[in-house]
Amino acid sequence: NTMIIDEEVRSEIVDLKLYPNPAEGQFQIEFTKAIKGDYDWMMVDVLGRRLTGGVVNTGTQQFTVPVDRLAAGTYFFVMRNDAVYTQRKVVVRK
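Residues numbered from 1 in each chain as written. Predicted model: local features only at pLDDT ≥ 70, side-chain atom pairs only at ≥ 80, totals over all residues. Heavy atoms only, no water.

1. Examining the nonpolar core
The cut-off we apply is this: We call a set of buried residues a nonpolar core when its members are Ala, Val, Leu, Ile, Met, Phe, Trp, Tyr or Cys and they connect through side-chain atoms within 4.5 Å of each other. Under the scheme applied here, a residue whose accessible area is under 20% of the maximum for its type counts as buried, over 50% as exposed, and between as partly exposed, the area being computed with a 1.4 Å probe on protein chains only. Under the scheme used here, helices are H or I runs from DSSP no shorter than 4 residues and strands are E runs no shorter than 2 residues, and both carry numbers assigned from the N terminus. In this analysis, two residues are considered to be in contact whenever any of their non-hydrogen atoms come within 4.5 Å of each other.
With 22 residues, the main nonpolar core has F27, I29, F31, M43, V65, F77 and M79 as its most contacted residues. Breaking this core down by element, the ones donating at least two residues are β1 (17-24), β2 (26-30), β3 (39-44), β5 (62-66), β6 (73-80) and β7 (85-92). For F31, the contacting residues outside a window of four places in its chain are E12, I13, L16, V56, T60, Q61, Q62, F63 and M79.

See below:
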């Protein structure tokens, strides 16, 4: 049943944890278990402009996002692939 697979794929990134928030220098992204797909990630500002980003590969359970080059303020961490999209608000402090 493809609905079950789609729900599994969706939940693997929708349930991510982001900490610490507010962040200084960097923050962690943690998944409940190793992800089963490749995803693009990016940091965007409140106007939707992409500031930085990269790729998270299959098998990852945790990774670090550097924010030391971003000014203090509010941003959005976005993860997506062709099927799934999720975002979290992140406050960067200096």
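Here the narrative resumes.
2. What about the pairing of β1?
Quick note on the threshold: Any two strands with at least two DSSP bridges between them are considered paired.
The pairing of β1 with β2 spans four bridges and is classified as antiparallel. Note on β2: the bridge partner recorded for L18 is I29. In this antiparallel pair of consecutive strands, β1 and β2, the connection spans one residue, and G25 shows a positive phi of 85 degrees.

3. With respect to the side chain of T60
Its place among the elements puts T60 in the loop between β4 (50-56) and β5. With near-sequence residues (within four places) excluded, T60 lies in contact with F31, K33, A34 and I35.

4. Description of the pattern of salt bridges
In plain terms, the rule: We define a salt bridge as a side-chain nitrogen of Lys or Arg found within 4 Å of a carboxyl oxygen belonging to Asp or Glu.
The tally for this structure, following the rule as stated, stands at one salt bridge. The shortest N-O distance in the salt bridge between R49 and D45 comes to 2.6 Å.

5. Some details on the confidence of the model for the chain
For clarity, the cut-off: As a per-residue measure, pLDDT reflects the predictor's confidence and takes values from 0 up to 100.
On average, residues of the chain carry a pLDDT of 91, and 89% of them reach 70 or more. Averaged over each element, pLDDT in the chain is lowest for helix α1 (residues 2-14) (66) and highest for β1 (98).

6. Side note on the packing of aromatic side chains
To keep things clear, this is the line we draw: Any two rings among Phe, Tyr and Trp, with Trp reduced to its six-membered ring, count as a pair given centres within 6.5 Å; such a pair is stacked if its planes are under 30 degrees apart, edge-to-face if over 60, and tilted if neither.
Using the criterion set out here, one finds five aromatic pairs in the structure. For the pair F63 and F77, a centre-to-centre distance of 6.3 Å together with 45 degrees between the ring planes defines the contact as tilted. Of this pair, F63 sits in strand β5 while F77 sits in strand β6, and the two are 14 residues apart along the sequence. Of the two residues, F63 and F77, both sit in the buried class.

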